[in-house]
Structures are given as C-alpha cells and as structure tokens.
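For reference, the chains in residue letters:
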Amino acid sequence: MTGTTDGPAPTVTPGAGTTPPPGGRPPSFHTMWADLAPIGRHAASGGYRRHAWTGADANCRTWFQEQAEARGLTYETDRNGNQWAWLGDPLGEDAVVTGSHLDSVPDGGAFDGPLGVVSSFAALDELRRRGAQFRRPVAITNFGDEEGARFGLACVGSRLTAGRLTKEAAYALRDADGITLPQAMEAAGYDPEAIGPDPGRLARIGAFVELHVEQGRALDLTGDAVGIASAIWPHGRWRYDFHGEANHAGTTRLADRRDPMLTYAETVLAARREAELAGAVATFGKIAVEPNGVNAIPSLVRGWLDSRAADQATLDTVVSAIEAAAHEAAARQGVDLTVVRESFTPVVEFEHALRDELATILGGRVPVLGTGAGHDAGILSESVPTAMLFVRNPTGISHSPAEHAAEDDCVAGVLALADVLEGLACR
C-alpha cells in the first residue's frame, strides 16, 4: 500500500526502532499497569477521570512516550494528537498496528482502553523474547479522545484521521465550560490548525488489531478467556431538548405547569419500554437542567439518548418509537421538543478475511461475538482492515470502577495478541 501524508509532518522522536535499548529489560505488564493505575483516579469514586486534553490525559501521554522510548521504538504524535510507537520504518508499507486508547468516561474503569495499550507493549516484549523476526513494520497507538467524555463525540482522534469528522465540525465541539476543542488542544501544547484527514498514514497500514476488555458477559458465559469480534452494533446519540416554562415550585398549581422534567421522565420510561420490546438497548445517561434550582420548575431539560441494536432496522424502530412517545407527551403537557442526532455509526462488520486469519492463528477454538460498544477499530474499518480481540470480563460491568479482568485472563490476552502480531507481521 502507498500514500503520502497530508498536512504538517508529525512530531517524531527517533528510537532504535528494531531492537530494545541497552541497559536492561523494559517494564513488565504488571509494572506498566501499576505505573498507569494512579493517573487520573478520583479518590472518592475510585473511578478514572482521564478526559481529553486535561492534565490526566497529558500524564497518560507522557506514560505512553516513556514506554516507547524504554523499548527503543520510534515515537511520534500525528496531526490529530494520536500517539504512535514504531518498530521498523514509520513510513514503511503494509504495517501491522495495534493499540487502543487511554482516556476514560467520567469515573470509568481501569481496563476500558488502557488494557489494549498496555497489552500491546507487553505483546511486543513477548515477541522479542521469542526472537521473532519482523517482516512488516509494527506500531502501537493511543488514539485521542475515544470516549468523548469532554466534548460529547466519541472517537474524535480516529474520526479525524479517517476523515469521518471534518475540521469545521471538530472546531464546533465545546465542553461543559464552553471551551472549544481547538482551545483545549492548544492549551495542551498541540496545534489545532493541523487536524484533519490523514489518508497517507492509513494507506500504509495493512491491518489494525485492537485488544479490549469485553463490555459484557459473553466470554464469562462460554468460559473463554479471549474472543474475537464479529461486528459492532449500529449506534448513535440523540439530544432531546424539552422547553417548558420556569416557575415557582411552591406556588404554581400542577394544572398550570409546563414542566419539561415530567416530559423527560416519560421519555426515559418510553426508552426502556421500546428497547425491551425490540431486544435493543436505549439509555438516557446525561442530563442538563435550567435553571437547575431545587425550588424552581425547569424551563429547559436537555437529555442525551444513547441507543444501540444488532441491526439497523431494529435501531431505527426503537429510536423512532422513543421520539414519537416524547412528542406525544410533550404535546399533552404543553412542552416544546426538538431532537437532534449528534452522532451515528452504522453497523461495522470487521473484515471477514482478517477475522478468519486471527481465528486460524489462535487455533480455531476462539469464540466469535458481536458487541454493542463502539471502538476506534470500528471507525478505521472503512479505511483499513481491522479486527478486535476481547478479554473476559467476569461481571460484564464497564464504564464503572467495578470494571474488571482477572490477571490470568489479561496474560492470556497478551499472549493471544502476541500470537496474532507474530502471525501477521513475522510470517
């Protein structure tokens, strides 16, 4: 594959590139995990607040660069702020890339994202221990702002790189304090003028494999430590703006109220009902209220719907039914309603040939399963052959401090990823 990178050259820190640095072994999986664990952890909740372009995010990025340099890899930051650690020529063709992300949802768990990054460095260490001879360049990446916790749009780094988010749309993103994405990037020391599609980089990638903790219990139910992804469910986010009339909570008769909170509450119940009927999922997990006073009827309730289903038709049915129920309740209660789709990702079928190759490399006994969670691998799938490995999550809990994967399963994931990288890059 060939191509040239558009825009300014990335920031590159040369390393040995092919051999470990002298002076001892790089940090082990356990040491890396322990070093990363305190960054961005909130003392009260026990969860992580590693939001894009914050101090915690900067510390995670420093950690990534240190891991690259400890292994003599060539480190670079691309035009969209994504980090890369290269074994071999960064401008070489048909590269095999692995990695994930280091940012988190508000009070998220330790494993979602970081397990994939730590496992990638550990898998490379394992291949070097085996004496593997690499025939293709290999890279480990940390994609920026995957969770969308700060600006409300998931997978910003990979979307920009793949041309699925325009520079204009990215510049319009704001956080809860009104800070724009370019302002946040500039404050963190990155050039927001450089952001945009990077087709040359993607053209040089022959395969991208992302390891991730499973966000569900399918592997726990089958008794397997590791699985292969088949597809990502179609999913999207919709913003519901319920406009009512602010008034005194103690003096306004119930019959005289135009209370958007009541309409919002009915919509939340409708979402649960419609999702259950269709075998899908629908969640209102974020809300903003104005004027947000204990003794005031709200003038505005803004809620965000996240909905996902196994196929497009089912998702359309659920989302349409929720919106219809919301409009019916709003009309009945004298509330005005607008609905805006803020993001949408269609179903992602991972490339069958690459998925089957992973299964062959791993002995053909690894379960193949779908997922309702979005990932950078899904965003890149239109541009690059992509695949995913999942590591068992015994509780199925994710986006929570209770998220967990057993040590033995994490090790199994590292070894599986090492086998896959060896099969793709060394044979």
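Residues numbered from 1 in each chain as written. Predicted model: local features only at pLDDT ≥ 70, side-chain atom pairs only at ≥ 80, totals over all residues. Heavy atoms only, no water.

Here we look at the side chain of Asp259
Along the chain, Asp259 turns up in the loop between strand 9 (247–248) and helix 9 (260–278). Comment: no salt bridge for buried Asp259; closest opposite-charge side chain is Arg257, at 4.8 Å. With near-sequence residues (within four places) excluded, Asp259 lies in contact with Ile297, Pro298 and Val335. (Helix = DSSP H or I, 4+ residues; strand = E, 2+ residues; numbered from the N terminus. Buried < 20%, exposed > 50% of the residue type's maximum accessible area, 1.4 Å probe, protein only. Lys, Arg positive; Asp, Glu negative; His and termini not counted. Salt bridge = Lys/Arg side-chain N within 4 Å of Asp/Glu carboxyl O. Contact = heavy atoms within 4.5 Å.)

With respect to the layout of surface pockets
Approximately 450 Å³ is the volume attributed to the second largest pocket. In terms of lining residues, the second largest pocket is bounded by 16 residues, among which Ser28, Ala122, Asp125, Glu126 and Arg129 are the most central. Counting only elements with at least two residues in the lining of the second largest pocket, the list comes to helix 1 (29–36), helix 3 (114–130) and helix 13 (407–425). Counting residues per element, the lining of the second largest pocket draws most heavily on helix 3, which supplies five residues. Classifying every residue of the lining of the second largest pocket by side-chain character gives nine nonpolar, two polar and five charged. (1 Å grid on protein atoms, 1.4 Å probe; cavity = no way out; pocket = protein on both sides within 12 Å on 5 of 7 lines; lining within 4 Å. Points joined across faces, edges and corners; volume = space filled by probe spheres on them. Nonpolar A, V, L, I, M, F, W, Y, C, P; charged D, E, K, R; others polar.)

Thoughts on the nonpolar core
With 53 residues, the main nonpolar core has Trp63, Phe64, Leu115, Phe121, Leu358 and Leu389 as its most contacted residues. The element contributing the most residues to this core is helix 13, with nine residues. Residue contacts for Trp63: discarding those within four places in its chain leaves Met32, Asp35, Leu36, Ile39, Leu102, Val117, Val118 and Phe121. By size, the runner-up hydrophobic cluster in this structure holds 24 residues, among which are Trp86, Ala95, Phe143 and Met388. (Core = buried A, V, L, I, M, F, W, Y, C linked by side-chain atoms within 4.5 Å.)

Side note on unusual backbone geometry
Glycine aside, negative phi is the norm for most residues, and most peptide bonds take the trans geometry. The amide bond that connects Glu290 to the next residue, Pro291, takes the cis arrangement and shows omega of 0°. Assignment of secondary structure puts Pro291 in the loop between strand 10 (281–290) and strand 11 (296–297). Phi at Trp53 is positive, roughly 65°, even though this residue is not glycine. Mapped onto the secondary structure, Trp53 falls in the loop between helix 1 and helix 2 (55–70).

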